[in-house]
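# Notes for the structure review
Chain residues, written in single-letter form:
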Amino acid sequence: MIHVCPLSRLEETVARTRASHVLTVINRGTTVPRPAAIRAEDHLFIGFNDIVEPQEGLIHPAAEHVEAILGFISRWPRQAPLVVHCFAGISRSTASAFIAACALAPERDEAAIARALRAASPSATPNALLVSLADAALGRQGRMSAAIAGIGRGSEAMLGEPFEIAL
């Protein structure tokens, strides 16, 4: 199971789900206290801004970020849940959870995963650039990007509610 939440609900989500691994996708330099239940080697921090095209002074999602996400996901033993979070739990984390679900279940239809994401989180608005980069890395031939475009922008929210995606 993959759980998604905003930074403000990280500790609570890890405790409630008894997660063993945490993926943090947030602005570089943001202080993210690692939950006590998570070992240092089971927490990956990836720092980039929530933007979909390069902007001066900001760090946009890039291939190396996707490589790090895919590497971390491949090492997750799946015996206990994974928590993925960003600042708001709406864009970078939902994109990362979608990427993880596609990578871990290559036989699953991308559109079905995207629809499950939307059903679980009305506010989910996965970062399109991050998804596009993962689409290329996973050889999904545009299907991941099309699936996310197909669910459209999520409802307006300042913070997303924690949710889960089954694999």
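In what follows, the accompanying structure is described. (Residues numbered from 1 in each chain as written. Predicted model: local features only at pLDDT ≥ 70, side-chain atom pairs only at ≥ 80, totals over all residues. Heavy atoms only, no water.)

## Observations concerning the pairing of strand E4 (residues 82–86)
Across a regular strand the side chains alternate sides, sitting on one face of the sheet and then on the other. The buried count for E4 comes to 5 of 5 residues, which makes it a mostly enclosed element. Side chains Leu82, Val84 and Cys86 of E4 all project onto a buried face; the interleaved residues Val83 and His85 project onto the opposite face, where all are buried too. Inspection of the sheet shows strand E1 (residues 2–6) paired to E4 by 5 bridges, in the parallel sense. Within the sheet, the bridge partner assigned to Ile2 lies in E4 and is Leu82. As paired elements, strand E2 (residues 21–26) and E4 share 4 bridges and run parallel to each other. Bridge pairing links Leu23 to Val84 in E4. (Buried < 20%, exposed > 50% of the residue type's maximum accessible area, 1.4 Å probe, protein only. Helix = DSSP H or I, 4+ residues; strand = E, 2+ residues; numbered from the N terminus. Pairing = 2+ DSSP bridges.)

## Regarding the packing of helix H3 (residues 92–104) against helix H4 (residues 110–120)
Between H3 and H4, the least distance of the axes is 10 Å, while the angle of their chain directions is 140 degrees. Our classification of the angle between H3 and H4 gives oblique. Here H3 runs over H4; the crossing is right-handed. Facing Thr94, Phe98, Ala101 and Cys102 of H3, the residues of H4 in contact are Glu110, Ile113, Ala114 and Leu117. Classifying every residue of the contact of H3 with H4 gives 6 nonpolar, 1 polar and 1 charged. (Axes fitted to C-alpha atoms, helices over the stretch in contact; angles between N-to-C directions. Parallel < 35°, antiparallel > 145°, perpendicular 65-115°, else oblique. Left-handed = near helix turned anticlockwise from the far one by under 90°. Contact = heavy atoms within 4.5 Å. Nonpolar A, V, L, I, M, F, W, Y, C, P; charged D, E, K, R; others polar.)

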